[in-house]
Amino acid sequence: QVQLVESGGGSVQPGGSLRLSCATSGFGFSYYTMSWYRQTPGKERELVAFITNNGLRTHYADSVKGRFTISRDNAKSTHFLQMNDLKPEDTAMYYCFAALVNQRGTLTDYWGLGTQVTVSS
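It should be emphasised that the depicted structure is a prediction, and the values quoted were computed from it without experimental measurement. (Residues numbered from 1 in each chain as written. Predicted model: local features only at pLDDT ≥ 70, side-chain atom pairs only at ≥ 80, totals over all residues. Heavy atoms only, no water.)

**Q** Explain the pairing of strand β9 (residues 92–101) here, please?
**A** The side chains of a regular strand alternate, first on one face of the sheet and then on the other. Extensive coverage of β9 is indicated by the burial of seven of its 10 residues. Both strand β4 (residues 33–39) and β9 contribute to a ladder of seven bridges, which runs antiparallel. In the strand pairing of β9, Gln 39 is matched with Met 93. Sheet topology note: the β9/strand β11 (residues 115–119) ladder contains three bridges and is antiparallel. In the sheet register, Met 93 faces β11, and the bridge partner there is Gln 116. The sheet contact formed by β9 and strand β10 (residues 107–111) spans five bridges and is antiparallel. Directly across from Phe 97, in β10, lies its bridge partner Trp 111. Following β9, the chain reverses through five residues before pairing antiparallel with β10; Gly 105 in that reversal takes a positive phi of roughly 85°. (Buried < 20%, exposed > 50% of the residue type's maximum accessible area, 1.4 Å probe, protein only. Helix = DSSP H or I, 4+ residues; strand = E, 2+ residues; numbered from the N terminus. Pairing = 2+ DSSP bridges.)

**Q** Looking at this model, I keep getting lost on the pattern of salt bridges. Mind explaining?
**A** A pair can form between side chains of opposite charge whenever their charged atoms are brought close. Under the criterion given, the structure shown has five salt bridges. Between Asp 85 and Lys 87 there is a salt bridge, with the nearest N and O atoms lying 3.7 Å from each other. Within the structure, one salt-bridge network assembled from shared partners comprises Arg 38, Glu 46, Arg 67 and Asp 90. (Salt bridge = Lys/Arg side-chain N within 4 Å of Asp/Glu carboxyl O.)

This is the structure:
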C-alpha cells in the first residue's frame, strides 16, 4: 500500500533548527514532485516548498526562503526539509505531499499524516 510517513518534528526555541523526513513506499517515488505543506488551526493549508522528480528545480514560499532547504534521495524514496532560524510563525503541522500529472493532465497525489513543529521560548 502507498505510505508517506513524516518524522523529525518537535519543539524548539526561536533561532533553532529541525530536519523533517518523509519516508515513502508503494508508488514510483522517483517520478513524483514532492512537497511540504503546513497548516495551523483556522488557517488554509499552505505550500512551504517543492522539489521536482529529478531534483533540478525547487520552489519556496517567500516566508521561508533563505531559511529552509528541500532535498530528496530517490534511491531511498525519501525527501527532507531542513529548517534553520526557526520563528514562532513557523509553528504548524507539516505534511508530506507527492504529486504526478500524466500526459493527459490527470493528477495522482498522496498525503502523509503530518508531524507537529512548535517554535516558542
